[in-house]
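Architecture at a glance
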Protein chains: 2
Amino acid sequence: MAQRAGGRALCLLRGRLLPSGPAAARLGSSGPALQRAGGTEEADAEVSPRKKTFTEVQAERLEQADRSVLIKCPSKLNEKKLLQYLSSHGQIDSYFFFENRGIHALIEFSEKSSVASLQAVTGIPRAAEHHVVPYKSRLFTFTLKNPGSQAAEERPVNLSPQSHIPVNELIPKLCHADSISSQMYILLNEYQLTEENIKLRYLACSLVRDFARAYFPDSTVKPFGSSVNTFGKLGCDVDMFLDFRDIQTHATKMKKGPFEVEYQMKRLPSERLATQKILSIIGDCLDNFGPGYSSVQKILNARCPLVKFSHQPTGFQCDLSVSNSIAIRCSELLYIYGCLDPRVRALVFSLRCWARVHGLTNSVPGAWITNFSLTMMIMFFLQRRSPPIIPTLDQLKELADEKDKHVIGGYDCSKRAGFVSDKPSTLENFAFKVASTNPNSGKEVNKPESSPLYIWNPFEQDLNISKNVNQPQLEKFVAVARESAWILQKEDKTQHMISKEPWGLAAVLIPFGKSNPNTMKSRTKGIGSETIKSLLDSLKLSDANNLQKAVGK
Amino acid sequence: MAQRAGGRALCLLRGRLLPSGPAAARLGSSGPALQRAGGTEEADAEVSPRKKTFTEVQAERLEQADRSVLIKCPSKLNEKKLLQYLSSHGQIDSYFFFENRGIHALIEFSEKSSVASLQAVTGIPRAAEHHVVPYKSRLFTFTLKNPGSQAAEERPVNLSPQSHIPVNELIPKLCHADSISSQMYILLNEYQLTEENIKLRYLACSLVRDFARAYFPDSTVKPFGSSVNTFGKLGCDVDMFLDFRDIQTHATKMKKGPFEVEYQMKRLPSERLATQKILSIIGDCLDNFGPGYSSVQKILNARCPLVKFSHQPTGFQCDLSVSNSIAIRCSELLYIYGCLDPRVRALVFSLRCWARVHGLTNSVPGAWITNFSLTMMIMFFLQRRSPPIIPTLDQLKELADEKDKHVIGGYDCSKRAGFVSDKPSTLENFAFKVASTNPNSGKEVNKPESSPLYIWNPFEQDLNISKNVNQPQLEKFVAVARESAWILQKEDKTQHMISKEPWGLAAVLIPFGKSNPNTMKSRTKGIGSETIKSLLDSLKLSDANNLQKAVGK
């Protein structure tokens, strides 16, 4: 529906919105990784008549993951022999190796029956001192029958990286770029999810689905959030949710004969209680039956009950919740925005990295602004450029026809990728001005309550997605933003290239106080100095109180 | 193996051991219900060339249960219409109705695919105020689409009883019999499991297996104990165990290629811990996902960890444990004994009923003698008759060939139904003499420890199955036995027939103190009176101390 419409809109838009900056060509071949279908070797999406919609990509990836297995390889590995052996169980569509406490291979067979064929010859570990739980998953351990004779045949395999380089290794790379724009694309390419990592994420969901499907055969487990919204970086958590929607539709089935036939089913006073019980048991099953699941933690009394766990074989930290439809719509919206223009992702990755370096975001919950809030602020900024880089949600809605209407939980979530340049932006410096932003209308509006920062939830409009941010954090955010804007405006690239000091994006990715002791000293003289005053003027905000007033209006 | 041998032995024995007593013909048509295969209408086992072995019966029953469903019927039921509708999903092999908070039907289809066909048209209950857990079981609710128009078509259906009549209703029936032997067969027919009740028990196991199979596809859930050993009475608990043995055999599978392929599996320090975890989670699943499971209670720290639960749709109280091989061998042994001679079951049922009436056994654990201990005492008595009614376990073992060897948990559990009349019995009054009995050798032996009562476990010979029985309970048992023997010896049938007082078995099934106030008064004068003394003489035991000495030797 909306996804299809989104896809159509993407088709219309391609060719109109061209990537800018010299890294565009590089991005064209590697980014948005989600758009690439098929194996690791070939990307047949490039000959496809149109880009796939979010729902199509998800369905395809889930289906691929269903026929994939994960193999812990022998320490002395001959890739050719391994593939030769696996081919005896069926054709392999794609594969890759990665390091995670030993070498692992993700093998995607062409047919699901190949998984069963491999399982049919797989033994239960003979553990003398240990007893095993005989749950048969799609995780295998291969060992050599004759390690000695085959040692000589060992060949190094190509290992696909599953984490990004640290910032201190990124900075020298950025310094060699020829523009800030190029720097942003370099950062994007280093940080974004790879094709292989995305496959691994879908496999992690598929393995959890095997547990859910044991009792709820029509259920699926789908990733949402950063794994699928084109804004995820290597190493980010896998958010997944258990979807029962397919089951519910069966209830409307036609029935012949004089009887109404219903299942006898456990009844509970609320859907929330059912969710809690189901998550609790699946959590126990993962913990006690599943190989490699650890640190299983149930957070069932949260607004959105979830189970957190580590999955050692894939190396992911995962959050499992139930039927989070709003979250998937948000993922889809970001996916559409991420696909519309490559600059969107380059900007978001750069600003997220920047925010993290300066402690403005944090992996643990608290008063910090979230990546999602930060991203929505950036979207708001991009909606208000002149001409706008991305359409507002309201504009997408206007373009949505009857079939595209998504109404979830009472909220109108219809959207359609469109582009109407009717509202000139008044913002001059992206993301560094904070207001009550509404990504639906693309306008600053009066804050409905007194939170320091108010960002409307795009689908649940009575919710402030940045309610958690307190006044000191907001002030820190504004101060760091000013400081960074000052660096970007003042610093001279050529001079830095000669002095081999970080410049441009690289300069603002160094925590203040570490880069240049001299600049630092002048900065630590305190807020209220002449330097800061001129900065505030350049941001058209006379001081923090004024900002507060502008926000509080 | 041994089961097959047991079957062969049963073949050899038929015709040699004839049922005695006038109720034999009645027993022949209705008892041992386990022997009857197929539907409720026809028993094709009667044309079978040999009786089925225990294992064969279990496999057949489990397979029948797999293709059975349980339906909660509309209050206004037209049997013909119901069957007509169900036939649209496939041929029905057998069916019956029973009352359990409304009318229920157990439907056994000929093909498992019929269950799937019915499930495919079954809806999820639309619950306005309740939320359902969408676990799709084989339990259905049928309601009429147009209750008004079909009310007139209602016909009474034949309801199969799922509980036995209370003792006070049994006693008048017994009084009309012409011998004590007939009385015992009447009791047997009233109390033993019916074909329908056995089907329901296997269905209860099959439904639990659906839960276990979700994660352990090769597992089965099998009933053991009274549900299958031919000694269960209507209303007794369903003991079932989860069997993983099929899974273990897969480990020895032949593998081609240069690799050893094993599943990655959760490892635990002991089998006991694995058992506890698996039972715990299956218990939670039953409790939270399964319709009609209630009072789920985990007893995981017991010697044999188990989960107790009520299953309302079948009306059973169930105990689920894991791979209780010794228990299933005991069930098989009793099954062989029960099938060898109808007198065995008539005697056991009568004595169990007698013990229960007098509070010698109890449904809750304690110092009471268990039904199993009581039964083993009776077996011991029957082994020592002259000629013996049943063979000893050692004799069965001698007859077992190499293929029949069952070695479970280090104990030799080989057995074979044989019959060798080499050891004349010295016991004159069944079951009312207590000693250290060893059903393996059929001999009284010195007690290896000082428990008041010592009965060897037939398969775990270092275990005393009546270790729980304390001195007061043993004394009570002996006293009640003496009293009963006195009644059976003294009372005159003809006189009772005239006076309409209970006689024979009926007379000993009335708690002492309730039947005849006059007799009661003389009895309450206390142990040690002349009456009791003569009783003890008749039992060739001068007093309780002497008994104690005999037992304690």
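The name given to chain A in an unreviewed UniProt entry is Mitochondrial poly(A) polymerase, and the organism recorded there is Pavo cristatus.

A separate point is helix α9 (residues 195-215) of chain A. Helical geometry: 3.6 residues make up each α-helical turn, so side chains three or four residues apart lie on a common side. Residue and element names in this part refer to chain A. Between its terminal C-alpha atoms α9 stretches 31 Å, which fits the 30 Å expected from 21 residues at 1.5 Å a residue. At Arg209, α9 is bent by approximately 25 degrees, the largest bend along its length. Within α9, 19 of the 21 residues are buried, which leaves it mostly tucked inside the rest of the structure.

With that settled, consider the pairing of strand β12 (residues 316-322) of chain B. Residue and element names in this part refer to chain B. The buried fraction of β12 amounts to 6 of the 7 residues, a majority that puts the element mostly inside the structure. As paired elements, strand β7 (residues 238-243) and β12 share 5 bridges and run parallel to each other. Directly across from Asp239, in β12, lies its bridge partner Asp319. The pairing of strand β11 (residues 306-311) with β12 spans 5 bridges and is antiparallel.

With that settled, consider the packing of aromatic side chains. How two aromatic rings sit relative to each other is given by the distance of their centres and the angle of their planes. The full count for this structure, using the stated rule, is 35 aromatic pairs over all chains. The interplanar angle of 65 degrees and the centroid separation of 5.5 Å between the aromatic rings of Tyr215 of chain A and Phe289 of chain B together place this pair among those described as edge-to-face. Of the two residues, Tyr215 of chain A is situated in helix α9 and Phe289 of chain B in helix α11 (residues 271-289); the pairing between them involves two chains. Looking at Phe289 of chain B, the relative accessible area reads 1%, which means it is buried.

So, about the pattern of salt bridges. Under the criterion given, the structure shown has 34 salt bridges over all chains. Ionic pairing is found between Lys199 of chain A and Glu108 of chain A, a salt bridge with its closest N-O pair at 2.6 Å. In this pair, Lys199 of chain A sits in helix α9 while Glu108 of chain A sits in strand β3 (residues 103-109), placing the two residues 91 residues apart along the sequence. The class of Lys199 of chain A is buried, set by a relative accessible area of 4%. Between Asp341 of chain B and Arg343 of chain B there is a salt bridge; the shortest N-O distance is 2.7 Å. Take Asp341 of chain B: its relative accessible area is 0%, and that puts it in the buried class. Three or more residues joined by partner-sharing salt bridges are found here, namely Arg61, Glu63, Arg67, Asp93, Glu108, Glu195 and Lys199 of chain A.

With that out of the way, let us pick up helix α7 (residues 167-175) of chain A. Within the sequence span of α7 of chain A, burial applies to Leu170, Ile171, Leu174 and Cys175 of chain A. Buried residues in α7 of chain A, looked at end-on, bunch into an arc of 135 degrees, giving them a common side.

Quick look at the relation of the copies chain A and chain B now. Here chain A sits on chain B after a turn of 180 degrees about the axis and a move of 0.1 Å along it, with an RMSD of 0.1 Å. Each copy turns onto its partner about a two-fold axis. Looking at the rotation axis and the C-alpha trace of chain A, the residue lying nearest is Ala214 of chain A, at 2.2 Å.

Another point: the packing of helix α12 (residues 325-340) of chain B against helix α14 (residues 371-383) of chain B. Residue and element names in this part refer to chain B. Remark: α12 packs on α14, axes separated minimally by 12 Å, with the N-to-C direction vectors making an angle of 45 degrees. As summarised for this structure, α12 and α14 are arranged oblique, according to the angle between their axes. Between α12 and α14 lies a crossing of left-handed hand. The residues of α14 that touch α12, namely those facing Cys330, Leu333, Leu334 and Tyr337, are Phe372, Thr375, Met376, Met379 and Gln383. For the contact of α12 with α14, a count of residues per class yields 7 nonpolar, 2 polar and no charged.

Calculation criteria
- Every chain is numbered on its own, with residues counted from 1 as its sequence reads.
- To read the labels, note that chains go from A and ligands from 1, taken in the order they are written.
- The model is predicted, so local features are restricted to residues of pLDDT at least 70 and side-chain atom pairs to those at 80 or more, both for listing and for counting; the totals for chains, interfaces and linings are taken over all residues.
- Neither water nor hydrogens contribute to the side-chain values; these are computed over all heavy atoms in the structure.
- Helix and strand assignments come from DSSP, with helices taken as H or I runs of at least 4 residues and strands as E runs of at least 2, each series counted from the N terminus.
- Here the expected span of a helix is defined as 1.5 Å times the quantity of residues minus one.
- Two axes are fitted around each residue, one to the seven residues ending there and one to the seven starting there, and the angle between them is reported as the bend at that residue.
- Each residue gets one of three labels from its accessible area relative to the maximum for its type: buried under 20%, exposed over 50%, partly exposed in between, using a 1.4 Å probe on protein chains only.
- At least two DSSP bridges between two strands are needed for those strands to be called paired.
- The criterion for an aromatic pair is that two Phe, Tyr or Trp rings (for Trp, the six-membered ring) have centres within 6.5 Å, with stacked assigned to planes under 30 degrees apart, edge-to-face to planes over 60 apart and tilted to the rest.
- We define a salt bridge as a contact between a side-chain nitrogen of Lys or Arg and a carboxyl oxygen of Asp or Glu at a distance within 4 Å.
- The directions from the helix axis to the C-beta atoms are what the arc is built from.
- The copies were overlaid with a least-squares fit restricted to C-alpha atoms from residues scoring a pLDDT of at least 70 in each copy.
- All axes here are fitted lines through C-alpha atoms, helices being fitted over the stretch that makes contact, and every angle between N-to-C directions spans 0 to 180 degrees.
- Angular relationships are summarised with four words: roughly parallel below 35 degrees, roughly antiparallel beyond 145, roughly perpendicular across 65 to 115, and oblique for the angles in between.
- Handedness of a crossing is defined here by the sense of rotation of the near helix relative to the far one, left-handed for an anticlockwise turn of less than a right angle and right-handed for a clockwise turn.
- Note on contacts: a residue pair is in contact if any heavy atoms of the two residues lie within 4.5 Å.
- For this classification, the nonpolar set comprises Ala, Val, Leu, Ile, Met, Phe, Trp, Tyr, Cys and Pro, the charged set comprises Asp, Glu, Lys and Arg, and every other residue, Gly included, is treated as polar.

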